[in-house]
Amino acid sequence: MATAGPEIEQLILLLARLPGLGPRSARRAVLQLIKKKDSLMVPLAAALERAVEAVTVCEVCGNVDTRSPCHVCADPRRAGSGLLIVVEDVADLWALERAGVGAVKYHVLGGVLSPLDGIGPDDLSIDALLKRAPEFEEIVLAVNATVEGQTTAHYITDRLAPSGVRITRLAHGVPVGGELDYLDEGTLSQALKARTRI
Ligand code: ZN
């Protein structure tokens, strides 16, 4: 049974579809919006409206921005970069940018190969990656360390082989600040295999 009018209930239902927000958190968020109508709800509605008008997908890398090519692709400091980082999702690109990885370029795949979900090579931007590959000296496959991610990395490595570009992947191992005793065996054995000279 609804406890509020349909406008409020619909807002709750929509917010509850966001990652990290269930129905309960959505209800609390909406209540907060209503309580802070002038300082939060009105500016949020305006910001949403502006974003709806402005958002676009970058035709070069697949990033989400308000212009295409996006700010990352158009950044003059990256113009001569020979390093291309391939990620599954825009969120991964943004995470790497937050980490300050430097003057690199990106390519967003838009997912990973997953036969069970019916996602094949044509559903990802792999052809576009093959076209871009000759511009770079090294391509880092920064896909997630999941079975699907690694399968996708192998597939892309095979497809990129004829280009002669150096292909690397992120190291797997001990996280910064991590304690060995708390790591799973798979991570520990990977970390030992990928050890580096001090
Ligand atoms: Zn871009």
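Above: the structure in question.
Residues numbered from 1 in each chain as written. Predicted model: local features only at pLDDT ≥ 70, side-chain atom pairs only at ≥ 80, totals over all residues. Heavy atoms only, no water.

## Things to note about the coordination of the zinc ion
To keep it simple, the criterion reads: Only nitrogen, oxygen and sulfur atoms qualify as donors, provided they sit within 2.8 Å of the metal or within 3.2 Å for Na, K and Ca; with water excluded from the atoms, sites may seem incomplete. Only four donors with every angle between 85 and 135 degrees are called tetrahedral; only four or six donors with opposite donors over 155 degrees apart and all others between 65 and 115 are called square planar or octahedral, in that order; all others are irregular. Each helix corresponds to a stretch of at least 4 residues labelled H or I by DSSP, and each strand to a stretch of at least 2 residues labelled E; elements are numbered beginning at the N terminus. The rule is simple: take the accessible area with a 1.4 Å probe, protein chains only, and divide by the maximum for that residue type; under 20% is buried, over 50% is exposed, in between is partly exposed.
Protein-derived coordination of the zinc ion comes from Cys 58 (SG), Cys 61 (SG), Cys 70 (SG) and Cys 73 (SG), at a distance range of 2.3 Å. One way to put it: the four donor atoms around the zinc ion meet at angles of 102 to 114°, and that makes the site tetrahedral. Along the chain, the residues donating to the zinc ion are arranged with the sequence spacing C-x2-C-x8-C-x2-C. Linking Cys 58 in the loop between β1 (56-57) and β2 (64-65) with Cys 70 in the loop between β2 and α4 (71-74), this pair joins segments that are twelve residues apart in sequence. Given a relative accessible area of 0%, Cys 70 falls into the buried group.

## Structural notes on a nonpolar patch on the surface
This is how it is decided: Patches in this entry comprise residues that are over 30% relatively accessible and not in a salt bridge; like charges within 9 Å are linked, as are nonpolar side chains (Val, Leu, Ile, Met, Phe, Trp, Tyr) within 5 Å. Reported accessibility uses the Shrake-Rupley method at a 1.4 Å probe radius. Residues are deemed covered only where the shown protein chains occlude them. A pairing counts as a salt bridge when a side-chain nitrogen of Lys or Arg comes within 4 Å of a carboxyl oxygen of Asp or Glu.
Residues Val 55, Val 57, Val 64 and Trp 94 make up a contiguous nonpolar surface patch of about 360 Å² in total accessible area. For Trp 94, the location among the structural elements is in helix α5 (residues 90-98).

## Quick look at helix α2 (residues 23-35)
Operational definition: To estimate the expected span of a helix, count its residues, drop one, and scale the result by 1.5 Å. The arc in question is the one spanned by the directions pointing from the helix axis to the C-beta atoms. Any two residues whose heavy atoms approach within 4.5 Å at even a single point are treated as in contact.
Compared with the 18 Å implied by 1.5 Å per residue over 13 residues, the 18 Å span of α2 between its first and last C-alpha is a close match. Where α2 is concerned, the buried positions are Ala 26, Val 30 and Leu 33. One side of α2 carries all its buried residues, which in axial view fall inside an arc of 60°. Opposite the packed face of α2, turned more than 90 degrees from it, sit the exposed residues Arg 24, Arg 28 and Lys 35. Its buried side turned inward, α2 meets α1 (6-15) and α3 (37-54).

## Observations regarding the packing of α1 against α2
The following threshold applies: Working convention: axes come from line fits to C-alpha atoms, limited for helices to the stretch in contact. Angles between N-to-C directions cover 0 to 180 degrees. Oblique is the label for any angle not covered by the other classes, which are roughly parallel (under 35 degrees), roughly antiparallel (over 145) and roughly perpendicular (65 to 115). Each crossing is labelled by how the near helix is turned from the far one, with a counterclockwise turn of less than a right angle marking it left-handed and a clockwise turn marking it right-handed.
In the contact formed by α1 and α2, the axes pass within 8 Å of each other and the chain directions differ by 130°. Classified by the angle between their axes, α1 and α2 sit oblique to one another. Crossing of α1 over α2 shows right-handed handedness. Counting all contacts with α1, which are made through Ile 8, Glu 9, Leu 11, Ile 12 and Leu 15, the residues of α2 involved are Pro 23, Ala 26, Arg 27, Ala 29, Val 30, Leu 33 and Ile 34.

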